Structures are given as C-alpha cells and as structure tokens.
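The residues making up each chain are set out below.
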Amino acid sequence: MDSRSGVDRALPIHIRRVTKTYGDVHALDNVDLEVRSGEFITLLGPSGSGKTTLLMVLAGFTRPDYGSVRFGDREVIRMPPHRRDVGMVFQNYALFPHMTVAGNIAFPLRMRRVAKGDMGERVESALATVQLDGFAERRIDQLSGGQKQRVALARAIVFEPRILLMDEPLSALDKKLRDHMQIELRHLHEKLGMTTVYVTHDQREALTMSDRIAVINHGRLVQCDAPRTIYDHPATPFVANFIGESTLVPVEVTDGRAMLNGQALGLSAAPPAARCRLMLRPERLTILPDGGHPEYNVFPGTVREVVYQGESFVAWVTLRDGTEVAMRGISQRESLASLPAPGREVLLGLHHEETVLIPDADDEGAKA
C-alpha cells in the first residue's frame, strides 16, 4: 500500500448547519465543522451527545433533517454509503466470522470489482500495514481482540479511501492494549495521511491521538481546538469539567479585575467576560511555604484527606469559603513522610501564568 496515496488523495470535509431530530430531541443542532485535508480530528463527548450521530451522517447511514456535507467539492448528503468512498471501522469490528482474515479484508475490493490479480497483492499490503503479515488464512475466531481490531482497520484502508471514519474502535480492548493501539493508530495515520474522523468518549484517548478535538454536548459543537488548547483554555465550564479534573470557582469581575473572596487574582490575560469561573486543576496547584509567593495566587485551606497513588498523591483541601479542591503532587520515596497530613493548614498556590478564567455562561454552539 503506497503510504503517499492517502496524503495525495485526502479530502477536506465541510459540514454546514447539520441538524437531526428524533421527536423533540435534537441529536444534532445546527452543527458547523471544517475538517482539514489529512487531519485526524476526534469527536468527543458524553454518551448521547450526538458524536456518533454526526459520524453516521458522514458515513451515509443517517440522513439529517437539514444541512450540507461536502467531501472536497462534492455534496454527499443524498449519496448512499457505498458511493461515498469512505473507510469505516465500527465499534464491534463487524467482521464476517465465516470468512478468513484475507476474505474479510478483500470484501470491499470484491464489491468494487477489483481484478483478482490485484486483490491478493493489496490484501497482503494492507496486512503488512497493520502488522499482521502471515495472518491471511486465519479464522476470525482464532484472533485476539487486538488482532480483530487490526483486521477491521485493514479492511477499511485496503481500497485506499480518501476519508477514514472510526467509531470507538478501541473500546473493547483492555487498558494496556488500548494505550498501545492509540499510538499505533496515530502512527498509521501519519503514514497513510488520509482524513480521519474518530469518535470516542475517552478524554485521554482524544488528547493522545488528535490534531484537533471537536467537543460535542447536547447535539451542539461546543469547542473545536488543538488538544492543548482544549485542556489549557476550555471555552466553557462543560469543557473544563469534561476534559480532565477541575474545580470551578465563581469570581467577581470589577473594572477588569477578577476578585475572589475580596482579593484580586493575578492573571496573564484580562478576564474574558463579566461573569467568570476560576479553573483549578489538581496538577496545577502546589503547596507553598508560609508567606506564599509573589508569582502565585494563594488559597489558604485545611487538608481533609490524602491518598497515596504510587507515583503521585492526591490531597483534598477545604478552602476557607468551604470549597473542596483536589491537589495532585509527585510522590518520591524519600519524601513520603512529608506528605500533608489531614487537619494541616496549607497554602495552595496557582501560578499567575496558569490562572485561567472561563466565561460563566451556558454552553453555546461554536463555529470551527
């Protein structure tokens, strides 16, 4: 399989005002999204958010009530799935148990009437791409979960589609194999270069694999950005709570200054709105020495509980206003005795550069 073919043939995807309702429920609510040619973009959201519905719209298995979907310059909204020329990897793999590995992978080639002389070579090439050389004559019931996932992927790419769609393909794997396959899928995408749309509800998976993440909630596109931007600068309270751990504390904004419990917060940027919440992520907080530090915002509190987790520990601290926050630190064998004890008064610190305010408003659909 020519690794350059995907790069050369990859198509952008243009999604405009796509809406899908089921009775009174908006599965998709006026979604706009641009997927760049050759990009790996992940649709991320909780169960029932609309991410899989959007993927099925792209695949052609779901017809929206309204909107436009273009692959490159071609409108596909009324086009049946078999004419869209997209590869699809399903959550349950959808392999044919009565066929061999080679038979499964060759199936889309037979549907496209590829000559038998070319078919064997392309199947072997696809097997080599997913590192399953020598598995052509295996039965599906002789494969492990990870091997089945690779066969499903080989079947999706064997005809060199310009767009690849994946619906939670790693959800059935154990954690160790899942982590390994995340990296392998990312490397395969870099090799083949085809435009890839990936669905997951796993935040860490999305952060690991994506060029950009499109966060969807209640059928609306909430934010679409690079993983680091999504994590460090979430656009809404929902994104901050859904991706990573965080405590959101209301702050008052007066004359361009953010105030918490009567004290002005040191910020690296002006408050983004008149009503904001301060995002406190556990790994960004630290315990300061008595007296604090001029480059940190300081939050006095009392340690309620400490949990040792091997390479790290988590301390739950009750701030003076009653807010409960978590602080995560690195455990080192020689410093275990110095971990904060329950009942101890501490000063939690958050560096000015890592002090992020989020507009305190209902989630709005985002243009991307």
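Analysis parameters
Residues numbered from 1 in each chain as written. Predicted model: local features only at pLDDT ≥ 70, side-chain atom pairs only at ≥ 80, totals over all residues. Heavy atoms only, no water. Helix = DSSP H or I, 4+ residues; strand = E, 2+ residues; numbered from the N terminus. Contact = heavy atoms within 4.5 Å. Buried < 20%, exposed > 50% of the residue type's maximum accessible area, 1.4 Å probe, protein only. Phe/Tyr/Trp six-rings, centres within 6.5 Å; stacked < 30°, edge-to-face > 60°. Lys NZ or Arg CZ within 6 Å of the ring centre and 35° of its normal. Core = buried A, V, L, I, M, F, W, Y, C linked by side-chain atoms within 4.5 Å.

S.K.: So what's going on with the environment of Pro-227? Residues and values would help.
M.R.: Counting through the fold element by element, Pro-227 comes out in helix H8 (residues 227-232). Sequence separation of Pro-227 and Asp-179 is 48 residues, and the distance between their C-alpha atoms is 17 Å. Setting aside anything within four residues of it in sequence, one finds Pro-227 in contact with Leu-207, Ser-210, Asp-211, Arg-212 and Ile-213.

S.K.: Tell me about unusual backbone geometry, residues and numbers included.
M.R.: If you check the backbone angles, Glu-160 has positive phi at about 55 degrees while not being a glycine. For Glu-160, the position within the fold is in the loop between helix H5 (145-157) and strand S7 (163-167). For Glu-160, a relative accessible area of 22% gives the class partly exposed.

S.K.: I'd like to hear about the packing of aromatic side chains, residue by residue, with values.
M.R.: Within this structure, the stated rule accounts for four aromatic pairs. Between Phe-40 and Tyr-198, the aromatic rings sit 5.6 Å apart at their centres with planes inclined by 35 degrees, giving tilted as the arrangement. Here Tyr-198 lies in strand S8 (residues 195-200) and Phe-40 lies in strand S3 (residues 40-44), a separation of 158 residues in the sequence. Each member of the pair Phe-40 and Tyr-198 is classed as buried. In this arrangement the basic side chain of Arg-138 is found over the ring face of Phe-135, its NZ or CZ atom lying 4.3 Å from the centre. One cation-aromatic arrangement involves Arg-281 over Tyr-231; the distance from NZ or CZ to the ring centre is 4.0 Å.

S.K.: Explain the nonpolar core to me, using residue names and the numbers behind them.
M.R.: Here is a general trend for soluble globular proteins: nonpolar side chains tend to be buried in one another's company. Ile-105, Leu-153, Ile-157, Leu-164 and Met-166 are the most contacted members of the largest nonpolar core, which has 39 residues in total. Mapped onto this core, the elements with two or more residues apiece are helix H3 (101-111), helix H4 (116-129), H5, S7 and helix H6 (175-192). With six residues, the top contributor of residues to this core is H5. For Leu-164, the contacting residues outside a window of four places in its chain are Gly-87, Met-88, Val-89, Leu-153, Ala-156, Ile-157, Met-194, Thr-195, Thr-196 and Val-197. Listed in part, the 31 residues of the second largest apolar core include Leu-43, Val-57, Ile-163 and Leu-165.

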